[in-house]
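Residue-level listing of the chains:
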Amino acid sequence: MSTTTAAAPVRTQSAPAPKHPPGHEPVHNYLLEPGPSPDVRGLARVWPTVKAWVTTVDHKRIGVMYLFAVSFFFAVAGIAALLVRAELMNPGSDFLTADEYNRMFTLHGVMMVFLFIVPSIPGSLGNFVLPIMLGVKDVAFPKLNLASFYVFIAGASIAVYAILSGGIDTGWTFYTPYSDETNTAVLPMTMAVFVAGFASILTGINFIVTIHKMRAPGLTWNRLPLFIWALYAVSIVQVLATPVVGITMILLAMERLLNIGIFDPALGGDPVLFQHFFWFYSHPAVYIMILPAFGVISELMGTFSRQKVFGYRAIALSSVAIAMLGFLVWGHHMFVSGQSPLSSIVFSLITFLIGVPSGIKVLNWVWTMYRGSVWLTTPMLYALSFLFLFTIGGLTGIMVGTLAVDVHLHDTYFVVAHFHYVMMGGTVMAMIGGLFYWWPKMFGRMMSETWGRISAGVVFFGFNMTFFTQFILGSQGMPRRYFTYLPEYHDLHQVSTIGSWFLGLGLLLVLGNMIWSLFKGKPAPGNPWGAATLEWTHATSPPDHHNFHRTPLVTHGPYDYGVLFSGDGYSGDGAGGDGSGGDGSRGPAPIPNPELGAPQEMEKSIDLGLAQPKPSRD
């Protein structure tokens, strides 16, 4: 095992060719099997291949199908956002009418929230790596997993129908009484949200049962990877909160169809009741969107700092704390709705409280880097982007959770910027970082590191140019969702629009890198990052159809690099992951052995799973 300096972590010697056990050669993986035999070619090969994919119950294939689906909706919602920003380049109408503008930003919001951010990480990365991280063959209910995917597609199809039949102009919040009165396609869109919500519930149930009942021998709760803890917490929120928005959508549909007075004051209803229902789901939904991102960042911080994640238990339990506290803060969206002053004070205080577990995570990630040897690969660059952007989003969240400040900033571009710093600067950055991290495992190909780093820089620059400008616009009083604006806001709107072009260019570079890697990327070794979780140490790249040759036996924690790689030159301070690193003794960034985790290593480290771990390593 060779080492170099931290500034140039490049392998200087080629690794020996791996020896694969029978049935686990590179051609035997989930991408190719089960399928038609190699001698079947041409069109005769197409239908069996398509049928094998659309009827699969393999969690890996379902994860890949989720990835393609949410990427499509992300692209559509992103194009809508670019059109909205282009229209705002100048005051007044450039190429959209006011009604078309309203429908365009609603399309952006609904698709981005309900069809991309909510299902993105749990549906794609979660489905793919959760069972492998747990050391099992599949999730607890594979057929239910496939059903949840098609329920999601059904909901998305209804949403597409709503768009093609005229779209809606209510914004993604569907606020009443306007959503009761508008002639746009509110009914099909609310039904789309209702149906897609079932997919979240089914996925959440599947993950909870799998984590509770199907962990590999030796994989105790204190050895679970932090990504699993995050998915566990978000699954609880999905199961408990999603029915509320489903019922709300049903009540809204009943009011429109049957003229039953629920939310419309003209019929004897109360529009504030809709806001209570909607935000009782939608604020926990914010944590449905961000908690999986926290899990991804924890994995990236540990792996690329070559260090045990500092405060493992604090980070794990803070995910559960956020999931629970997230149900108690919905009222901070309604400070100006006329709710009682006492309620506003209580909701403001709880909002401050929920910042504590989020702060615990951020401080522990920073400490993990400080005590480790940071390796600035593309996934780590996106993790650092997340850390910077989410911290800004979190701190501005405390600002808008403060009563006096919120009254001034309510419904301004400041709120738009805060929301995007949390959702896009948080979830989307983590999603891209996670894709760069697990892409070699998912498809067996490496992405271009050079173009990956360039894309990270362009995305970071474009994002801040777009949305930091909106903090200034909002603090100066620019209201959100307005089709036109006063001349004094013109320059800042132009800066924000140009920034969106850089952001779009950076995301195109990410997409191009992914497509290029599928055809031209170097074959990925078993463990290119030197990570210590099961998907890297005990599975091939890409994994076998059944994930593992034998059931793994877990005898160490998910970030015990010193234990796992003690015989491969990883015993140095920081690199060993023993938490004892210091400025004076920390060594250079280690170069992971890319062959760790390849099948021949599996043979050394796994057994039939009948033995128990040694107490000394528990």
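Residues numbered from 1 in each chain as written. Predicted model: local features only at pLDDT ≥ 70, side-chain atom pairs only at ≥ 80, totals over all residues. Heavy atoms only, no water.

### Examining the overall build of the chain
Rule in force here: A run of DSSP states H or I qualifies as a helix once it reaches four residues; a run of E qualifies as a strand once it reaches two. Both are numbered from the N-terminal end. Per-residue accessibility, obtained with a 1.4 Å probe over protein chains only, is compared with the maximum for each type, and a residue is labelled buried under 20%, exposed over 50%, and partly exposed between these values. We call two residues in contact when some of their heavy atoms are within 4.5 Å. Surface accessibility follows the Shrake-Rupley procedure with a 1.4 Å probe radius. Residue values consider only the protein chains on display as shielding.
Helices and strands together make up the secondary structure of the chain, namely 18 helices and zero strands. Taking all 618 residues of the chain together, the buried fraction comes to 57%. Taking contacts inside the chain between residues at least 6 apart in sequence as the whole, the part at least 24 apart equals 82%. Of the roughly 24,000 Å² that the chain leaves accessible, carbon and sulfur atoms contribute 69%.

### Focus on the packing of helix H3 (residues 98-134) against helix H7 (residues 226-258)
Our working rule: To get an axis, fit a line to the C-alpha atoms, keeping to the stretch in contact for a helix; angles then go from 0 to 180 degrees between the N-to-C directions. The cut-offs work like this: below 35 degrees is roughly parallel, past 145 is roughly antiparallel, 65 to 115 is roughly perpendicular, and the gaps in between are oblique. The crossing is said to be left-handed when, going from far helix to near helix, the turn is anticlockwise and less than a right angle, and right-handed when the turn is clockwise. Charged residues are taken to be Asp, Glu, Lys and Arg, nonpolar residues to be Ala, Val, Leu, Ile, Met, Phe, Trp, Tyr, Cys and Pro, and polar residues to be all remaining types, Gly included.
Relative to each other, H3 and H7 sit at 125°, their axes nearing to 10 Å. By the criterion of interaxial angle, the relationship of H3 to H7 is oblique. As for how H3 packs across H7, the hand of that crossing is left-handed. Across the interface between the two elements, Ile121, Pro122, Leu125, Gly126, Val129, Leu130, Met133 and Leu134 of H3 pack against Phe227, Ile228 and Leu231 of H7. Among the residues making up the contact of H3 with H7, the classes are represented as ten nonpolar, one polar and no charged.

### Some thoughts on helix H4 (residues 142-164)
Keep this limit in mind: Expected helix span is computed as 1.5 Å times (number of residues minus one).
Compared with an ideal rise of 1.5 Å per residue, which puts 23 residues at 33 Å, H4 spans 33 Å between its outermost C-alpha atoms and is within 8% of the ideal. Along H4, the residues classified as buried are Asn145, Leu146, Ser148, Phe149, Phe152, Gly155, Ala156, Ala159 and Ala162. For H4, the elements touching its buried residues are helix H1 (43-54), helix H2 (59-87), H3 and helix H6 (186-213). Directly after H4, the chain includes Gly166, whose backbone phi takes a positive value near 125°.

### Notes on unusual backbone geometry
A cis amide bond links Thr176 with the next residue in sequence, Pro177, at an omega value of 5°. Within the fold, Pro177 resides in the loop between H4 and helix H5 (178-181). In this chain, Ser541 is followed by Pro542 through a cis amide linkage whose omega measures -5°. Within the chain, Phe174 stands out as a residue other than glycine whose phi angle is a positive 55°. Positionally, Phe174 belongs in the loop between H4 and H5.

### A word on the packing of helix H13 (residues 413-443) against helix H14 (residues 449-475)
At a minimum axis distance of 8 Å, the contact between H13 and H14 shows a crossing angle of 165°. The angle between H13 and H14 places the two elements in the roughly antiparallel class. Considering only the axes of H13 and H14, their crossing is left-handed. Counted together, Tyr413, Phe414, Val416, Ala417, His418, His420, Tyr421, Met424, Gly425, Met429 and Phe436 of H13 and Gly452, Ser455, Val459, Phe463, Asn464, Phe467, Phe468, Gln470, Phe471, Leu473, Gly474 and Ser475 of H14 form the full contact between these two elements. Its residues assigned to classes, the contact of H13 with H14 shows 14 nonpolar, nine polar and no charged.

### Regarding the nonpolar core
Test applied: We call a set of buried residues a nonpolar core when its members are Ala, Val, Leu, Ile, Met, Phe, Trp, Tyr or Cys and they connect through side-chain atoms within 4.5 Å of each other.
Among the nonpolar cores identified, the biggest contains 169 residues, and Phe174, Phe386 and Trp438 are the most heavily contacted of them. For this core, the element with the highest residue contribution is H3, accounting for 21 residues. Once you skip the residues sitting within four places of it in the chain, Phe386 turns out to touch Ile290, Ala293, Phe294, Ile297, Trp365, Thr391, Gly425, Gly426, Met429 and Ala430.

### Looking at helix H9 (residues 312-325)
Look at H9: 20 Å from first C-alpha to last across 14 residues, which is about the 20 Å you get at 1.5 Å a residue. Burial in H9 covers these residues: Tyr312, Ile315, Ala316, Ser318, Ser319, Ile322, Ala323 and Leu325. Against the buried residues of H9 lie H7, helix H8 (271-305) and helix H10 (341-370).

### Here's the deal with the packing of aromatic side chains
Under the convention used in this document: The aromatic pairing rule takes the rings of Phe, Tyr and Trp, using the six-membered ring of Trp, and pairs them if the centres are within 6.5 Å, calling planes under 30 degrees apart stacked, those over 60 edge-to-face and the rest tilted.
Taken as a whole, this structure holds 50 aromatic pairs when the rule is applied. Measuring from ring centre to ring centre gives 5.3 Å for Trp221 and Tyr232, while their planes differ by 70°; the resulting arrangement is edge-to-face. With Trp221 in the loop between H6 and H7 and Tyr232 in helix H7, the pair connects residues that are eleven residues apart, well separated along the chain. Residue Trp221 is classed as partly exposed on the basis of its relative accessible area, which comes to 26%. What makes Tyr232 buried here is its relative accessible area of 14%.

### Description of a nonpolar patch on the surface
We count it as follows: Put simply, a patch holds well-exposed residues, over 30% relative accessible area, that have no salt bridge, with like charges counted together within 9 Å and Val, Leu, Ile, Met, Phe, Trp or Tyr side chains within 5 Å. Salt bridges are counted wherever a side-chain nitrogen of Lys or Arg sits within 4 Å of a carboxyl oxygen of Asp or Glu.
A cluster of nonpolar side chains, namely Leu43, Val46, Trp47, Val50, Val54 and Tyr150, defines an oily patch on the protein surface of about 600 Å² accessible area. No other element matches H1, which puts five residues into the nonpolar patch. You can see Leu43 is positioned in helix H1. For Leu43, a relative accessible area of 76% corresponds to the exposed category.

### Considering the side chain of Ser496
This is how the line gets drawn: What qualifies as a polar contact is a pair of N or O atoms within 3.5 Å, subject to a donor-acceptor requirement within protein and to the restriction that residues adjacent in sequence count only when both atoms come from side chains.
With respect to the element layout, Ser496 can be found in helix H15 (residues 490-520). There is a polar contact of 3.1 Å between the side chain of Ser496 and the side chain of Gln470.

### Remarks on the confidence of the model for the chain
The test is simple: Residue-level confidence of the predictor is what pLDDT reports, using numbers from 0 through 100.
The pLDDT averaged across the chain works out to 85; a share of 87% of its residues lies at or above 70. Note that residues 1-13 has pLDDT below 50 and, in this model, 26 contacts with residues that lie over four places away or in other chains. Segment residues 569-618: pLDDT under 50, and 137 contacts once partners within four positions in sequence are set aside and those in other chains are kept.

### Regarding the pattern of salt bridges
Where charged atoms from two side chains of opposite charge approach closely, those side chains can pair. Scanning all chains against the criterion turns up four salt bridges. Put simply, Asp560 and Lys308 hold a salt bridge, and the shortest N to O gap is 3.4 Å. Residue Asp560 is located in the loop between helix H16 (534-537) and helix H17 (561-564), and its partner Lys308 is located in the loop between H8 and H9; the two are separated by 252 residues in the primary sequence. Look at Asp560 and you get buried, because its relative accessible area is 15%. Overall, Lys308 belongs to the partly exposed group, its relative accessible area being 38%. Put simply, Asp411 and Arg480 hold a salt bridge, and the shortest N to O gap is 3.0 Å. Taken as a pair, Asp411 in the loop between helix H12 (403-409) and H13 and Arg480 in the loop between H14 and H15 lie far apart in primary sequence, 69 residues in all. You can call Asp411 partly exposed: its relative accessible area is 37%.

### Examining the side chain of Asn206
Within the secondary structure, Asn206 sits in helix H6. When residues no more than four places from it in sequence are discounted, the contact partners of Asn206 are Val139, Ala140, Phe141, Leu144 and Asn145.

### A few points about the environment of Phe327
By the secondary structure assignment, Phe327 is in the loop between H9 and H10. Judged by its relative accessible area of 12%, Phe327 is buried. Remark: the alpha-carbon pair of Phe327 and Ser282, spanning 45 residues in sequence, is separated by 9.5 Å.

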